[in-house]
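These are the residues of each chain, in order.
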Amino acid sequence: MPDTAVDPRTSQIELSIGGMTCASCAARIERKLNKLEGVTASVNYATEKARIDFPGDLSPADLVKVVEDTGYTAELPAPPVTGGDTVAEEDPTRSLRQRLVTSAVLSVPVIALAMIPALQFTYWQWLSLALAGPVVVWGAWPFHKAAWTNLRHGAATMDTLISIGVGAAFLWSLYALFLGTAGTPGMTHGFSFTIERMAGTGNIYLEVAAGVTTFILAGRYFEARSKRRAGAALKALLELGAKDVAVLRDGREVRIPTDELKTGDRFVVRPGEKIATDGVVEEGSSAVDASMLTGESVPVEVRPGDSVVGATVNAGGRLVVRAARIGSDTQLAQMARLVEEAQNGKAEVQRLADRVSAVFVPIVIALAIGTLGFWLGTGGGAGAAFTAAVAVLIIACPCALGLATPTALLVGTGRGAQLGILIKGPEVLESTRRVDTVVLDKTGTVTTGRMSLIAVHPAKGEERDEVLRLAAALEHASEHPIARAIVAGAGDDLPAVEDFQNVEGLGVQGVVEGRAVVAGRERLLSDWSVHLDEELATAKKEAEQQGRTAVLVAWDGKARGVLVVADTVKPTSKEAIEGLRGLGLRPVLLTGDNEAAARAVAAEVGIDEVIAEVLPADKVDVVKRLQDEGRVVAMVGDGVNDAAALAQADLGLAMGTGTDVAIEAGDLTLVRGDLRAAVDAIRLSRRTLATIKGNLFWAFAYNVAALPLAALGLLNPMIAGAAMAFSSVFVVTNSLRLRGFRSRTA
């Protein structure tokens, strides 16, 4: 076959996909797209997006047509809305919620009438028909529609089985009511536990049709509600930026929306304000809190000529910044892309029920057709043949299967919420079983994320409390986070300060109780011709080797002490690390802080593997590298700088005390901010997954065990009804056992 010339230039596009009902739909679209020459596609069921690399001889319209030919909808994402106006987004779960509530209200009396003979008055079967009809037709419409779409493309999923099972139960009930004996006044459903061949024309299955529809709708609704939050991390990231900015125009400050800022504009950032965009400082000096981007707990000192990043917070003085990058070129926008790429690139775990149904559904349909053909061929009579065939479809209808995942998930997530653990959805749980490595962000996760006074080293002959009191009095006039840590360590009742002065990037000075006090870096003391003695120099060196900040204090021309400030380890972190090891997990400390600080924290909590001095993009690369080594990685973090890594990891655990972006990017949220909750989260998730698997096993075991009886024409509907009820009760009871889950750290 001759080679065809393909344009080596490729483009990338992202399509919004509609109509997917399960992970197998995403896999089918992906297969169709990847069959095109030169196309590489990744379809994400959770975010309902397809990221496609395609050659120059194809157009986006060609790709949309392929998706539509597969039975789904595709369109280019709408451009972002500018100018601060947002369009109200339609809630995609609203329709499902309406169907679920209506179906539940109508189904309860239908099930009660069928299961409780005492309620079966003279014309009860016709009331059941009136109530079940809307449920089967309108409530189950999404399943019928999806089954038809799958049928047109030669595929079968859970929707196929649900639609056929519900339809078969309803149509047979119509047949029995109008052409059989089930419509006779005074007909009742008694319980007769016998195995015998029957025509089945006196039995109705309306409770099966209505009940299955309601149960499956409940499962789909809770899944859709959790899936809706998949893209919220990106929205939260974009919300982090400043909404407006004070731009300098002809020497005056003019406040404009950030969207209107242009490269080269000069803008003012006052203390406490967010920096509007990436730029370079032209006037002023300050401390900038960049911890959300870098993971560094110590604020960064900036002065003219230094670069600053948009969405970080000015913690000190007034700055004038010249905009260097705007819009999609900023570091915040790049981080948003990192999060989105990590979410789209993560392989979606197919739902267990869908995986089994890919094999189960075709077998059941073939068995039903075979049963019908066998009984007709052997002269068993049309009534008996259709009874047996329909019995096969009804007994295969996933009543307990519809309860298996949602009940376990509801009980598990409810118990988790009581313990401060939020589980986003069933697709999260499978990762918890396979995880073997847990990557821990340092700042705010293992440590408190706040600067605290660790130690005071007074010079020989000086009182510790006096050194701290005078230094804290001086620092009280400063807004710097290190200053606040020193003041908090000293307590109240501090003397007043006169002639206070903030020396750019070096420290502070002033007069306290008639003494000329200086606090800050060694260079500031040198400017006053003050030098450290050997003991203080050793204390300073040891503090810096441990990654801590040393603040030198002097007055009246002599060095009086060294104050050590650092981000402190949470008291429960060591116990949490031991708990993670007990689950068979290998802990890794990952941080943007310097190597010395990271090693000191790791040694304190018992972690051997440390990866330090990494930026947000590097955190994603570290997680990818560990995954490439064959490890299944869990990531625990709390900041914006962790969001992309949380999304990339096989399992993301976000500390609830952190940023909204991290929480949205994670799979599990630990509300308490206590790392020990991560241990409970993984234990509870594994227990919930085991319960779901147990439920699925028994739900399918019931179907498989009863199918031969149905095929042989020996299935008494009362035995089927009792078995189906028992199966559902077992699944619910098994799920309720999760309420007994106990935290080992409570």
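Going by an unreviewed UniProt entry, the chain carries the name Cu+-exporting ATPase and comes from Lentzea atacamensis. Quoted verbatim from the Subcellular location (unreviewed entry) field of UniProt, the annotation for the chain is "Cell membrane". According to UniProt, the comment filed for the chain under the heading Sequence similarities (unreviewed entry) is "Belongs to the cation transport ATPase (P-type) (TC 3.A.3) family. Type IB subfamily."

## Remarks on the packing of helix 4 (residues 124–139) against helix 5 (residues 141–152)
Where helix 4 contacts helix 5, the axes come no closer than 5 Å and their chain directions differ by 40 degrees. One finds that helix 4 runs oblique with respect to helix 5. Two secondary-structure elements touch here, helix 4 through Val136, Val137, Trp138 and Gly139 and helix 5 through Trp141, Pro142 and His144. Residues belonging to the contact of helix 4 with helix 5 are distributed by class as follows: five nonpolar, two polar and no charged.

## Considering helix 2 (residues 60–69)
Within helix 2, the full set of buried residues consists of Leu63, Val64, Val66 and Val67. One face of helix 2 carries all of its buried residues, which in axial projection span an arc of 155 degrees. The first or second residue beyond helix 2 is Gly71, which carries a positive phi of 110 degrees.

## As for the nonpolar core
Within soluble globular proteins, side chains that are nonpolar tend to cluster in buried spots. In terms of nonpolar packing, the biggest core is built from 49 residues, with Ile204, Leu206, Val364 and Val392 touching the most fellow members. Of all the elements in the fold, those that place two or more residues in this core are helix 3 (94–115), helix 4, helix 6 (158–178), helix 7 (206–227), helix 11 (352–377), helix 12 (382–396) and helix 25 (676–711). In terms of nonpolar packing, the next biggest core, distinct from the first, is built from 47 residues, Leu409, Ala602, Ala634 and Ala677 among them.

## Observations regarding the sheet that holds strand 21 (residues 558–569)
Spatially, the six strands line up as an open sheet ordered 16-21-20-19-18-17, and their pairing is antiparallel. The outermost strands of the open sheet, each flanked by one partner alone, are strand 16 (447–458) and strand 17 (497–503). Adjacent strand axes in the sheet meet at a mean angle of 20 degrees when their direction is disregarded. Judged from the six bridges that link them, strand 18 (residues 507–512) and strand 19 (residues 515–520) form a sheet pairing that is antiparallel. From the neighbouring strand, Gly510 faces strand 19, where its bridge partner is Val517. Where helix 19 (residues 534–545) meets the sheet, it contacts strand 16, strand 20 (549–555) and strand 21, and its direction lies at approximately 15 degrees from that of strand 21.

Here is what the cut-offs are and how they apply
Counting restarts for each chain: residues are numbered from 1 in the order of the written sequence. Local features in a predicted model are, by the rule used here, given only for residues with pLDDT of at least 70; side-chain atom pairs are given and counted only at 80 or more, and totals for whole chains, interfaces and linings are based on all residues. Excluding hydrogens and water, the side-chain figures rest on all heavy atoms present in the structure. UniProt positions are given in the numbering used here, feature names are shortened, and annotations may be inferred rather than shown by experiment. Note on geometry: axes are C-alpha line fits, over the in-contact stretch for helices, and angles between N-to-C directions span 0 to 180 degrees. Strands are runs of DSSP state E lasting at least 2 residues, helices are runs of H or I lasting at least 4, and numbering of each runs from the N terminus. For this classification, under 35 degrees means roughly parallel, over 145 means roughly antiparallel, 65 to 115 means roughly perpendicular, and everything else is oblique. Note on definitions: a residue-residue contact is assigned when non-hydrogen atoms from the two residues lie within 4.5 Å. Polar here means any residue other than Ala, Val, Leu, Ile, Met, Phe, Trp, Tyr, Cys and Pro, which are nonpolar, and Asp, Glu, Lys and Arg, which are charged; Gly is therefore polar. Only protein chains enter the area calculation, which uses a 1.4 Å probe; residues under 20% of their type maximum are buried, those over 50% are exposed, and those in between are partly exposed. The arc in question is the one spanned by the directions pointing from the helix axis to the C-beta atoms. Side-chain atoms within 4.5 Å are what join buried Ala, Val, Leu, Ile, Met, Phe, Trp, Tyr and Cys residues into a set we call a nonpolar core. Only strands joined by at least two bridges in the DSSP assignment are considered to pair.

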